[in-house]
Amino acid sequence: EKFSRNVRARYDAVQTTDENERHWANADGLSAKSACSPAVRKKFRDRARYEVDNNSYAKGIVRTLANHTIGTGPRLQVSLDNKETNAVVERKFRLWTERIGLAEKLRTMRMAWCVDGETFGLLINNPNLPGEVKLDLQVIEADQFATQTPWQAQALTDGILFDSYGNPSTYEKLKYHPGDSFSYNFNNSTQEPAASVIHLFSCDRPGQVRGVPQIGPALPLFAMKRRFTLATLAAAETAADFAAVMKTNSPAGN
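Now for a look at the structure at hand.

1. As for the packing of aromatic side chains
- Going through the model one piece at a time under the given rule, you end up with four aromatic pairs.
- Here the aromatic rings of Phe93 and Trp96 are separated by 5.8 Å at their centres, their planes lie at 45°, and the arrangement is tilted. Remark: Trp96 and Phe93 occur in helix α4 (residues 83-100); sequence separation between them is three residues, near one turn of the helix.
- Seen from their ring centres, Phe120 and Phe145 are 4.1 Å apart, and the 20° between their planes marks the pair as stacked. Taken together, the residues span a long stretch of sequence, with Phe120 in strand β1 (residues 118-125) and Phe145 in the loop between β2 (135-140) and β3 (160-162) at a distance of 25 residues.
- On the accessibility criterion, Phe145 (2% relative accessible area) is buried.
- Pairwise contacts between aromatic rings join Phe120, Phe145 and Tyr171 into one cluster.
- In this structure, Arg110 is placed above the aromatic ring of Trp113, and the distance from its NZ or CZ to the ring centre is 4.4 Å.
- The cationic tip of Lys225 hangs over the ring face of Tyr57; the distance from NZ or CZ to the ring centre is 5.0 Å.

Below you can see the structure in the form of structure tokens.
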């Protein structure tokens, strides 16, 4: 005799109980663009920068990451048939990287990628560079790429204009950093072609166009680490304060 039975499967992870209700209270269904809104990214950056600047563990991790990733900088290896031409091209490339400080700039960009969540490099023509090649790399913080009309739909992409195929076509760059303490007109901006902009960030979700700090999940743990270190020191000092020496003239047996 054939019969059918309804199978009702349950997932433990989707059950809401008294024990896990507070843990999952902030879970939402926002899109990648909405979850990485300008306000969220600004607060994320501010807190990540503050923690890295004041936490020796976080600063050491970020610096080690940058140093191990970039090292002494990129080297060019040319594999043409003419060995003399290869040597000349490699030497000129090395001189160019030294003149613009490419290794230092790349290390800065790697640190900003980790702390700020993203970093920008702008390819510019620098007439003051010695030599024939005037190409230079200008490192710019993420705060300086932003849309000045937040009420428009472009605010979700914040500073990036895409074509109909989803490719970045133009970047809106503020002339001045919004965190500067000078009386600049921060609404002034320039439109930079996408071919001249290097935008580094970790794309963790489909549709994500701006980045969040890579050390973001560890920020609460870094804060706990600092509190634990200070609490341990305070406990040791408190224990030392109660140390004392006692003398008595009574016999040892008493």
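2. Overview of the sheet that holds strand β4 (residues 168-174)
- Ordered by their spatial adjacency, three strands build an open sheet running β3-β4-β5, and the pairing between neighbours is antiparallel. The open sheet has two edge strands with one neighbour each: β3 and β5 (189-193). Here the average twist between neighbouring strands, direction ignored, is 25°.
- Pairing of β4 with β5, which is carried by five bridges, proceeds in the antiparallel orientation. Counterpart to Leu174 in the pairing with β5 is Ser189.

3. Here we look at the packing of helix α3 (residues 56-70) against helix α6 (residues 219-241)
- At a minimum axis separation of 9 Å, α3 and α6 run at an interaxial angle of 135°. The angle between α3 and α6 places the two elements in the oblique class. For the pair α3 and α6, the contacting residues are Tyr57, Ala58 and Ile61 in the first and Phe222, Lys225 and Thr229 in the second.
- A breakdown of the residues in the contact of α3 with α6 according to their chemical character gives four nonpolar, one polar and one charged.

4. A short note on the environment of Arg47
- Within the secondary structure, Arg47 sits in helix α2 (residues 38-54).
- For Arg47, a relative accessible area of 54% puts it in the exposed group.

5. So, the sheet that holds β1
- Spatially, the three strands line up as an open sheet ordered β2-β1-β6, and their pairing is antiparallel. Two strands in the sheet have a free side with no partner beyond their single neighbour: β2 and β6 (197-201). Strand after strand, the sheet turns through a mean of 20° between neighbouring axes, direction not considered.
- Where β1 lies against β6, five bridges are found, and the strand directions are antiparallel. Paired with Glu118 across the bridge in β6 is Phe201.

6. Details of the nonpolar core
- Residues Ala48, Val52, Ala58, Val62, Ala66, Met111, Cys114, Val115, Ile215, Leu219 and Phe222 constitute the largest nonpolar core, which totals eleven residues.
- Elements with a minimum of two residues in this core: α2, α3, α5 (102-116) and α6.
- In this structure, Ala48 is in contact with Val115, Pro213, Ile215 and Leu219, ignoring residues within four places of it in sequence.
- Among the nonpolar cores identified, the runner-up in size contains eight residues, and Phe120, Leu122, Ile140 and Phe145 belong to it.

7. Regarding unusual backbone geometry
- Phi angles above zero are rare outside glycine, and Asp158 is one such case at about 50°.
- Along the polypeptide, Asp158 turns up in the loop between β2 and β3.

8. Re the side chain of Asp136
- Within the fold, Asp136 resides in strand β2.
- There is a polar contact of 3.0 Å between the side chain of Asp136 and the side chain of Asn126.
- Excluding anything up to four places from it in sequence, Asp136 contacts Ile100, Lys105, Leu122, Leu123, Ile124, Asn126 and Leu129.

9. A word on the pattern of salt bridges
- Taken as a whole and judged by the stated rule, the model has 13 salt bridges.
- With a shortest N-O distance of 3.4 Å, Asp143 and Arg45 are connected by a salt bridge. Of this pair, Asp143 sits in the loop between β2 and β3 while Arg45 sits in helix α2, and the two are 98 residues apart along the sequence.
- Judged by its relative accessible area of 12%, Asp143 is buried.
- A cluster of three or more residues bridged by salt bridges with shared partners is formed by Arg45, Arg49, Asp116, Glu141 and Asp143.

Parameters and conventions
- Residues numbered from 1 in each chain as written.
- Predicted model: local features only at pLDDT ≥ 70, side-chain atom pairs only at ≥ 80, totals over all residues.
- Heavy atoms only, no water.
- Phe/Tyr/Trp six-rings, centres within 6.5 Å; stacked < 30°, edge-to-face > 60°.
- Helix = DSSP H or I, 4+ residues; strand = E, 2+ residues; numbered from the N terminus.
- Buried < 20%, exposed > 50% of the residue type's maximum accessible area, 1.4 Å probe, protein only.
- Lys NZ or Arg CZ within 6 Å of the ring centre and 35° of its normal.
- Pairing = 2+ DSSP bridges.
- Axes fitted to C-alpha atoms, helices over the stretch in contact; angles between N-to-C directions.
- Parallel < 35°, antiparallel > 145°, perpendicular 65-115°, else oblique.
- Contact = heavy atoms within 4.5 Å.
- Nonpolar A, V, L, I, M, F, W, Y, C, P; charged D, E, K, R; others polar.
- Core = buried A, V, L, I, M, F, W, Y, C linked by side-chain atoms within 4.5 Å.
- Polar contact = N/O pair within 3.5 Å; in protein donor to acceptor, adjacent residues only side chain to side chain.
- Salt bridge = Lys/Arg side-chain N within 4 Å of Asp/Glu carboxyl O.

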